[in-house]
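# Chains, contacts and geometry: an overview
For reference, the chains in residue letters:
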Amino acid sequence: MPARMIIAWSDAFLRVERRLLAVLVAAVTGLVLLNVVTRAFNMALFWVDELAIYTMVWMVLIGVSTMVREKTGIAVTILFDALGDRAKRWLGLTIDVVVLGFSVALLALCWRWYDPPGLVSAGFDTGAFSGETFNFIYQEPTNTLGVRKWIIWLVVPLVSISLTVHSLANVLQSINGVRGYNEE
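Every chain's residues receive numbers from 1 upward, in the order its sequence appears when written. Side-chain atom pairs in this predicted model are given and counted only at pLDDT of 80 or more, local residue features only at pLDDT of at least 70, and totals for whole chains, interfaces and linings cover all residues. Only hydrogens and water are set aside; all other atoms, that is, all heavy atoms of the structure, feed into the side-chain values.

## Some details on the environment of P141
This is how it is decided: Secondary structure elements follow DSSP: runs of H or I no shorter than four residues count as helices, runs of E no shorter than two count as strands, and numbering proceeds from the N terminus. The buried label goes to any residue with under 20% of its type's maximum accessible area, the exposed label to any with over 50%, and the partly exposed label to all in between, with areas taken from a 1.4 Å probe on protein chains only. Contacts were defined at the residue level, with two residues in contact if any of their heavy atoms lie within 4.5 Å.
Note on placement: P141 falls in the loop between helix 6 (126-133) and helix 7 (149-152). Taking the relative accessible area as the measure of exposure, P141 reaches 40% and is therefore partly exposed. Ignoring any residue separated from it by four or fewer positions in sequence, one finds P141 in contact with G146, V147, R148 and K149.

Next comes the structure, spelled out in structure tokens:
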């Protein structure tokens, strides 16, 4: 039952990520076109460049998460193709476990980076938090948008959660022999 629940969560995350990717692609396209038009009329909006960059970063990170779940990343398969079926399953499981390890490590690093217990102990005073920890994530604004960078970089912990759920679902499916690499 827990395996089915994790796989269902992963599939739900994947559906949301696909929709969000479509929105982000449209947003990047619109921002780049807006930038071209405003520059053509010598009325450049510099915040558009920064927003387009952050939108592309979000797009890439969320796209990586979907690729992990769908197992569609670029791969050199010469070794994989030379193996028998049993060895392919073991190698696929090994890859899934390594990706799960990376995902959990990224999640732990995000916890350390954002340091919610430290922020709470500072009474949500970002100045006191920065002074105690030398972690300025909550104070530093973006260059032209004026938005706090912690909001922009929130994509990293969100994607690390998604990656962890996706890679755990992949491990569970590999153990059960449901779907492997290079399989349609």
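## Here's the deal with the packing of aromatic side chains
Worth spelling out the cut-off: When the centres of two rings from Phe, Tyr and Trp lie within 6.5 Å, Trp using its six-membered ring, the rings pair. Their planes under 30 degrees apart give stacked, over 60 give edge-to-face, and anything left gives tilted.
For the structure on display, the rule yields five aromatic pairs. Between W113 and Y114, the aromatic rings sit 5.1 Å apart at their centres with planes inclined by 70°, giving edge-to-face as the arrangement. Given a relative accessible area of 32%, W113 falls into the partly exposed group. The buried category is assigned to Y114, whose relative accessible area is 6%. Between the aromatic rings of Y138 and W150, the centroid separation amounts to 5.7 Å while the plane-to-plane angle is 55°, which identifies the pairing as tilted. With a gap of twelve residues between them, Y138 in the loop between helix 6 and helix 7 and W150 in helix 7 connect regions that are remote in the sequence. Look at Y138 and you get buried, because its relative accessible area is 8%. Three or more aromatic residues link up through ring pairs in this structure, and these residues are W113, Y114, F129, Y138 and W150.

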